[in-house]
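Here are the chains, one letter per residue:
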Amino acid sequence: ALEQMNAVLTHYALTEEMISGEKQRMDTTVVETNIHYPTDSSLLNDSFRTVARLVRAVQKELPQLGLNHRFHDKKVKKLASYIARNASSKSKKTKRKVTQFYATLIQRVSWILGVGRQVEDRLDQAGYTVEALSHYLPLVARIVDQADRRVLKGETVPPDEKLYSLFEEHTELIVRGKAGKPIEFGHKILVAQTGEKFIHHYAVMEKKIEDKELLKPAVKVHKKLFGQYPNVLSTDKGFYESMQQIEGLEEKIAVVSIAKKGRRTQAEYERETSDTFNDGQRFRAGSEGSISVLKRAIKLGKCFFKGFKNYAASVGFAVLCHNLVLLTRL
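Just so you know, these numbers come straight off a predicted model, no measurement behind them.

Draft legend 1. Highlighting the pattern of salt bridges. For the structure on display, the rule yields 16 salt bridges. Where E161 meets R149, a salt bridge forms, and the shortest distance between an N and an O atom there is 3.5 Å. Note that E161 is positioned in the loop between α5 (131-152) and β2 (172-178) and R149 in helix α5, a separation of 12 residues in sequence. Overall, the relative accessible area of 43% leaves E161 in the partly exposed class. The closest approach of N and O atoms between K208 and D160, which form a salt bridge, is 3.4 Å. Residue K208 is located in the loop between β4 (199-204) and α6 (211-226), and its partner D160 is located in the loop between α5 and β2; the two are separated by 48 residues in the primary sequence. With a relative accessible area of 37%, K208 lands in the partly exposed category. Connected through shared salt-bridge partners, D145, R149, E155 and E161 make up one network.

The structure is reproduced here in structure tokens:
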């Protein structure tokens, strides 16, 4: 729905000749999800208290099932708190104790996982369904597995296989190497603008895609919308793939202001020091300002909505607000 609303607004701005397709710039950023920093101990603690809460609710609402489980939330919280306080200790004795506490914590969460599965079976036999229980149990199983592999077995779990939040399970780890924040937890988004700063195309990636793979689709969207390729295309060097890519774009676009990665030949150096290239890079730098406006003024830095669909909708709302405010000034 938000994509269609933005498309209608873009069509209006184009019809009223408020925007043109002469220039195109694009950049990517990360919008974070509303999660705490994911450690194995905190995820295990989240798992225990969530399953315990759901089972308690079932016991209270359906006493006829005869469920009579007891839980020890405080003991689990103490285990997780001790691990959090001492995980970075350099003392060998403390490290051994942390590992022991991890083993106990994993054992207790495995126990509550088994209880949750038993309760789910009893509910199914009685003709009841608790969607929250069915949703969380597979996620808890993943958290137990990754903690066991990483902490007790010493394995390296690939980032794409990890679960970073029990409540926002769609969250990805994004490594961007920014100063002060080398890693972020959320999703990448692409923002493409015209020369008037109007965001005519955006993309929310459920699974991260390399910048260089986003370039051609965004250029095709521009051509479809305006009926022509831009005269100036400008991005940062993250979108660079090869000189063949640049040469292919230059057959259709007059100025392709994308810097090359690595060493340059004399001809490539002259290309990147030309006035038209530098003008394109000055135009590109404005995309950082637009992203800053989205994050500071329209509060897109972190999404507080639950679930990926609502996450994507929040990005669409931010783009819509940005464009509406911009059109009032054109």
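Draft legend 2. Layout of the layout of surface pockets. In this model, the largest pocket occupies a volume close to 430 Å³. Residue lining of the largest pocket: 20 residues in total, with T28, I174, V175, R176 and K178 positioned closest to the centre. Of all elements in the fold, only β1 (23-33), β2, β3 (181-193) and α9 (275-296) reach the threshold of two or more residues within the lining of the largest pocket. Per-element accounting of the lining of the largest pocket gives the leading share, five residues, to β2.

Draft legend 3. The packing of helix α2 (residues 40-61) against helix α4 (residues 92-126), seen in detail. Put simply, α2 and α4 touch, their axes get as near as 9 Å, and they point 30° apart. Classified by the angle their axes make, α2 and α4 are roughly parallel. Regarding α2 and α4, the two cross each other, and that crossing is left-handed. Along the contact surface, α2 presents D40, S41, L44, S47, F48, V51, A52, V55 and V58, while α4 presents Y102, L105, I106, R108, V109, W111, I112, V115, G116, V119 and L123. Along the lines of polarity and charge, the residues of the contact of α2 with α4 split into 15 nonpolar, three polar and two charged.

The rules behind each value
Residues numbered from 1 in each chain as written. Predicted model: local features only at pLDDT ≥ 70, side-chain atom pairs only at ≥ 80, totals over all residues. Heavy atoms only, no water. Salt bridge = Lys/Arg side-chain N within 4 Å of Asp/Glu carboxyl O. Helix = DSSP H or I, 4+ residues; strand = E, 2+ residues; numbered from the N terminus. Buried < 20%, exposed > 50% of the residue type's maximum accessible area, 1.4 Å probe, protein only. 1 Å grid on protein atoms, 1.4 Å probe; cavity = no way out; pocket = protein on both sides within 12 Å on 5 of 7 lines; lining within 4 Å. Points joined across faces, edges and corners; volume = space filled by probe spheres on them. Axes fitted to C-alpha atoms, helices over the stretch in contact; angles between N-to-C directions. Parallel < 35°, antiparallel > 145°, perpendicular 65-115°, else oblique. Left-handed = near helix turned anticlockwise from the far one by under 90°. Contact = heavy atoms within 4.5 Å. Nonpolar A, V, L, I, M, F, W, Y, C, P; charged D, E, K, R; others polar.

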